[in-house]
Amino acid sequence: MKKNIFSDSSKIKSIFKDENIFDISYFPEEIYARDSQIKDIKHNLDPLIRKKKTQNLLICGPPGTGKTLVTKYVLNHLTGYTSNAKHTYINAIEHNTRYSVLHKISLIFDVFLPRRGLSITEVIERIKEGLSKSPFIPVVVVDEIDQIPSNDCSNLLYDLSRIVENNNYFCFILITNNKNFFLELDARTQSSLFLNNISFPRYSPKDLKDILSDRVNYGLLDDALSKDLLGYIAGFSAKRGGDARVGIDLLYKSAKLAEKQGSLTISKENVLEASKLIDVVKFSEKKKSLSDDHLLLLKKLEDSMLTSDLYNKNVFPERTVRRYLSIFEKLNIIRIEEINSGKGRSRKIFLNFEKDLL
């Protein structure tokens, strides 16, 4: 009989102490560089312990800057301390309609809703009934809130923010990468939400090095990665918008390549090969949503380019260029920062991709 192709698998030595450390759902024991944001969110939610009114939160920042992680961390502490609050987490990429979000919210009260057949008004009435009997204040986290169409989103938030039953109300924590999200809501919704804004800046290279070092210590064998390569991976993710998830993904893919080669140490070649794979895959996904005109403008962009220099190229009208740049920012293809120049304040464009991918 032929030898079974898996017969040698048990003899393979793994570079990993714990591969789950690199999973997207992994919750680290220590959260780096976010003490200020943890303190601000905690302070905002303090009144819930006494079942008092608190402000809704808008948590905004670039992708991979710890918004979801920190929110869940604070809420886990809150609900571990008091039974006066209970939270539900909704990802608007999966639940991007008004009815779908309402259905998810209803589950916190154990209210049954059929998948279809009820009007929005009927759904809200059932949620009101659940809220009136609730012994806790529901904290509703809606991640990627900007994925819900703006009209649906405005109506949803307006309706729920005005509900008060037996002194119970909804506390919202809205998470988005889109810094203009609030301005895209209608005026009545803006005035009814009473949002407190908490910003998450990009991680610095040092922050990223600390985060990645933690994953290396817990997830990989000792001496599996050199300090130089750790610095390279931190720099790679810093250049791509300070996204910690990019660095963790690169670290994991590099380790898998090393393991595939039977090595217990990650080489420079492993990291370079993995980084090219990440860039190609991520940019290819984003490129699918871009038109030929979008790509034409992208080709005109240079790293550290002033927006005024781009307008002078006259590729498209300035208004069109501004709109396209906003789209590129949302996709995290570029980032735009205000800087001080000799002529006052200017805006500078930084690329989060390699030009040869075009």
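Structure shown above.
Residues numbered from 1 in each chain as written. Predicted model: local features only at pLDDT ≥ 70, side-chain atom pairs only at ≥ 80, totals over all residues. Heavy atoms only, no water.

Enquirer: Now, about the layout of surface pockets: what can you tell me, with residues and values included?
Expert: Taken as a whole, the second largest pocket holds about 210 Å³ of empty space. Around the second largest pocket, the lining comprises 14 residues; the ones closest to its centre are Ser213, Val216, Asn217, Leu225 and Leu230. Broken down by element, the lining of the second largest pocket gets its largest block of residues, 4 residues, from helix H7 (residues 205–219). Split by residue class, the lining of the second largest pocket holds 6 nonpolar, 3 polar and 5 charged. (1 Å grid on protein atoms, 1.4 Å probe; cavity = no way out; pocket = protein on both sides within 12 Å on 5 of 7 lines; lining within 4 Å. Points joined across faces, edges and corners; volume = space filled by probe spheres on them. Helix = DSSP H or I, 4+ residues; strand = E, 2+ residues; numbered from the N terminus. Nonpolar A, V, L, I, M, F, W, Y, C, P; charged D, E, K, R; others polar.)

Enquirer: Tell me what's going on with helix H1 (residues 35–45), and back it up with residues and numbers.
Expert: Structurally, the α-helix is built with 3.6 residues per turn, so residues lying three or four positions apart point the same way. Buried within H1 we find Gln37, Ile38, Ile41, Asn44 and Leu45. Relative to the axis of H1, the buried residues are bounded by an arc of 135 degrees and lie together on one face. Seen from the open side of H1, the exposed residues pointing more than 90 degrees away from its buried face are Asp35, Lys39 and His43. In the core, the buried residues of H1 are packed alongside strand E1 (56–60), helix H2 (67–81), strand E6 (171–176) and strand E7 (195–199). (Buried < 20%, exposed > 50% of the residue type's maximum accessible area, 1.4 Å probe, protein only. Arc of directions from axis to C-beta. Contact = heavy atoms within 4.5 Å.)

Enquirer: Can you break down the pairing of E1 residue by residue, with the values?
Expert: The side chains of a regular strand alternate, first on one face of the sheet and then on the other. Of all 5 residues making up E1, 5 are buried, and the element is well covered by its neighbours. Where burial is concerned, the two faces of E1 agree: the one with Asn56, Leu58 and Cys60 and the one with Leu57 and Ile59 are both buried. Relative to E7, E1 runs parallel, the two sharing 5 bridges. Within E7, the position partnered with Asn56 by the bridge is Leu195. (Pairing = 2+ DSSP bridges.)

Fair warning: the whole summary comes from geometry, so function is off the table for now.
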